[in-house]
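Chain by chain, the residues:
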Amino acid sequence: MDYETNSIPSFLRILIFSAAGDGKLSKDELNQVIEANTSLEGRYEFISGMSGIFTSILDEAFGIESDEEEEEEEEEVNLTEISQDEIDDITKDVLSKLDKCSSAADLKAYSALICSRITDDSLKSWVCKDSFYVCRADDVDTLVEDNELRNIKYIHKDLGEDFKENHKDYLHSLTWYDDDYLVNDKGEADLKVVDGDIDPDALLIMKAAFAVTFSDWHLNISNTQFSGTYFMALCDLARLNKSSEVAVPSVEVIFENIQKSVDEIQDHMISELGRDKIDSSIEASRSMWEKLNNEEEADEEQDLVAAFELEWGESMNKYIKNLIKDISDLKVQKTLFKVSYLLSQADDDRSVLNRVVVHEITFGEMDRGPRVDEHSIQERAALDLIEETFDFDEDTSYVLHNKLSSGEFRGL
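Residues numbered from 1 in each chain as written. Predicted model: local features only at pLDDT ≥ 70, side-chain atom pairs only at ≥ 80, totals over all residues. Heavy atoms only, no water.

Undergrad: Looking at this structure, how should I read the overall build of the chain?
TA: Each helix and strand in the chain was counted, giving 15 helices and four strands. Per-residue burial over the chain gives 42% buried out of 412 residues. Restricting the contact set of the chain to residue pairs at least 6 apart, pairs at least 24 apart contribute 78%. Accessible surface, the chain as shown: approximately 22,800 Å² in total, 47% of it carbon and sulfur. (Helix = DSSP H or I, 4+ residues; strand = E, 2+ residues; numbered from the N terminus. Buried < 20%, exposed > 50% of the residue type's maximum accessible area, 1.4 Å probe, protein only. Contact = heavy atoms within 4.5 Å. Areas by Shrake-Rupley, 256 points an atom, 1.4 Å probe, with all protein chains shown as cover.)

Undergrad: Which parts of the structure should I look at to understand the layout of surface pockets?
TA: In this approach, a probe sized like a water molecule rolls over the atoms, and the result shows the empty space that is left. Roughly 680 Å³ of volume is contained in the largest pocket. Lining the largest pocket are 21 residues, with D185, D236, L240, K338 and F409 positioned closest to its centre. If you tally residues by element for the lining of the largest pocket, the top one is helix 15 (residues 394–406), at five residues. In the lining of the largest pocket, the residues fall into six nonpolar, three polar and twelve charged. (1 Å grid on protein atoms, 1.4 Å probe; cavity = no way out; pocket = protein on both sides within 12 Å on 5 of 7 lines; lining within 4 Å. Points joined across faces, edges and corners; volume = space filled by probe spheres on them. Nonpolar A, V, L, I, M, F, W, Y, C, P; charged D, E, K, R; others polar.)

Undergrad: Help me understand the nonpolar core in this model?
TA: Across soluble globular proteins, you tend to see nonpolar side chains buried next to one another. Counting residues in hydrophobic clusters, the biggest one holds 64 residues, and the most contacted among them are Y230, F231, V246, W312, M316, I320 and I324. In contact with W312, not counting residues within four places along its chain, are F214, S215, D216, W217, M269, L273 and I278. In terms of nonpolar packing, the next biggest core, distinct from the first, is built from 42 residues, F11, C101, C128 and Y170 among them. (Core = buried A, V, L, I, M, F, W, Y, C linked by side-chain atoms within 4.5 Å.)

Undergrad: It is not clear to me how the side chain of D22 should be interpreted in this structure. Could you clarify?
TA: Position of D22 relative to the elements: it lies in the loop between helix 1 (8–19) and helix 2 (27–61). The buried category is assigned to D22, whose relative accessible area is 16%. A distance of 3.1 Å separates polar atoms of two side chains, one belonging to D22 and the other to K24. (Polar contact = N/O pair within 3.5 Å; in protein donor to acceptor, adjacent residues only side chain to side chain.)

Undergrad: It is not clear to me how the packing of helix 5 (residues 121–136) against helix 7 (residues 163–173) should be interpreted in this structure. Could you clarify?
TA: Each pair of packed helices gets described by two things: the angle between the helix axes and the distance between those axes. Put simply, helix 5 and helix 7 touch, their axes get as near as 9 Å, and they point 45° apart. Here helix 7 runs oblique to helix 5, going by the angle between their axes. At the point where helix 5 passes helix 7, the crossing takes the right-handed sense. Of helix 7, the residues touching helix 5 (which contributes C128, K129, F132, Y133 and R136) are F163, N166, H167, D169, Y170 and S173. (Axes fitted to C-alpha atoms, helices over the stretch in contact; angles between N-to-C directions. Parallel < 35°, antiparallel > 145°, perpendicular 65-115°, else oblique. Left-handed = near helix turned anticlockwise from the far one by under 90°.)

Undergrad: Is there a simple way to think about the side chain of S281 in this case?
TA: By the element assignment, S281 lies in helix 11 (residues 275–293). For S281, a relative accessible area of 10% translates into the label buried. Residues in contact with S281, not counting those within four places in the same chain, are W217, V305 and F308.

Undergrad: What's the story with the pairing of strand 2 (residues 245–248) in this structure? I'm lost.
TA: Successive side chains on a regular strand alternate, one facing one side of the sheet and the next facing the other. Only one face of strand 2 is buried: it carries V246 and V248, and the other face, with E245 and A247, is open. Judged from the four bridges that link them, strand 1 (residues 192–195) and strand 2 form a sheet pairing that is parallel. Of the residues in strand 2, the one forming a bridge with K192 is E245. (Pairing = 2+ DSSP bridges.)

Undergrad: Please clarify how helix 3 (residues 84–99) should be interpreted in this entry.
TA: Given 3.6 residues per helical turn, the α-helix brings residues three or four places apart onto the same face. End to end, helix 3 covers 22 Å across 16 residues, agreeing with the expected 22 Å (1.5 Å per residue, within 8%). When we look at burial in helix 3, the residues that qualify are I87, I90, T91, D93, V94 and L98. Down the axis of helix 3, the buried side of the element spans an arc of 165°, and every buried residue falls inside it. Facing away from the buried side of helix 3 by more than 90 degrees, the exposed set consists of D85, K92 and D99. (Expected span 1.5 Å × (residues − 1). Arc of directions from axis to C-beta.)

Undergrad: Sorry, what's going on with the pattern of salt bridges here?
TA: Under the definition given, this model contains 16 salt bridges. Here D22 ties to K24 by a salt bridge, and the two come within 3.1 Å at their closest N and O atoms. Note that D190 is salt-bridged to R239, the shortest N-O span being 2.9 Å. Here D190 is found in the loop between helix 7 and strand 1, whereas its partner R239 is found in helix 9 (residues 223–240), with 49 residues between them in sequence. When salt bridges that share partners are traced, they join E283, R286 and E290 into one network. (Salt bridge = Lys/Arg side-chain N within 4 Å of Asp/Glu carboxyl O.)

Undergrad: Explain a negative patch on the surface to me, please; I cannot follow it from the model alone.
TA: On the surface, D384, E388, D391, D393, E394 and D395 cluster together into a patch of negative charge. With respect to the element layout, D395 can be found in helix 15. (Patch = residues over 30% accessible without salt bridge, like charges linked within 9 Å, V, L, I, M, F, W, Y side chains within 5 Å. Lys, Arg positive; Asp, Glu negative; His and termini not counted. Charge placed at Lys NZ, Arg CZ, Asp CG, Glu CD.)

Undergrad: Would you mind showing me how to read the packing of helix 1 against helix 4 (residues 104–115) here?
TA: Packing of helix 1 against helix 4 brings their axes to within 9 Å, and their N-to-C directions diverge by 155°. As summarised for this structure, helix 1 and helix 4 are arranged roughly antiparallel, according to the angle between their axes. Considering the relative orientation of helix 1 and helix 4, their crossing is left-handed. In contact with R13, I14 and F17 of helix 1, helix 4 contributes L107, Y110, S111, I114 and C115. Here the contact of helix 1 with helix 4 is composed, by residue class, of six nonpolar, one polar and one charged.

Keep in mind that these numbers describe shape and distance, not what the molecule does.
Here's what the structure looks like:
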């Protein structure tokens, strides 16, 4: 069989080699291979196009002129989709070769042969990462089997990719939470996960962080960041309480509680401001951005939106104050402030009108010029409200702000 370089067959052959480490290629694994056959060309063209755009921008920015004559000729990549008959032939060929492998040395030799046909860096990275998910397709309730994992290690070695890092990323992807939070600031894994129910303190912290982040009427965070807010709080509270375990609910339970939290906040804001006012403000915002994008005057809409952002923030602060007023445990208070700060910091506020412009003075009193605060005015007001409600002493407040502003805490 022709083992051409940087092609769909060469890519699929490595996936099949990995998945057939247990002596078979299941229907579900084959479906993953077929999916790679149909999607790889578009995936590669998109990444190549983006890479070309960034290279062009950087060359222009630094005044670099491209000399086509001096450019090395790149290895040709042909990822044209192949037929099902061709996939079947490749599958039979790989399984036949594996049947003839009677030792680890034979497997390593075959891995080296098929991996030598992938020289493109993007394809090397993708086939190694994709191999984990193809191997797991036949039984989503179990991890990759040991003999499949053995073959995956072989291809990583032959392609020069980092098996430990890719394996860690794969394992992280199997849970709704980020395992990195189980590692403390010293790089030690000091917490372990056990099955459990929703923790009321961590849930309350998640609600408060979401309310602070949403206090400027703009929200741009991912589900991963939102659920990560709960898990970060859970891990922090476990350490503060000298526990080595974090009780984690199922993905269905956590996202059910996330939805309930969102609904609770939305219901509060509708009752405070009224559906009509919110709808009219949404329309004013839409009109404002349409005019601004067309370089038209939008002063009236900007004034309306800016005023509503402040009113929204004041109403959200009522919700936050009522939510946190009965928290007396300093451990919960400090964790709530920290997590609320980090989630609102992670939120992209570029479309918020009420922003703070600050000047940074560096050593020697040199002004580095203006920059926009990472927190909007409303987010800052909500954080100030939390600090005021908890009445932190001077030392507690200083330590919290110093660690947060210096980036000592891991972000969301």
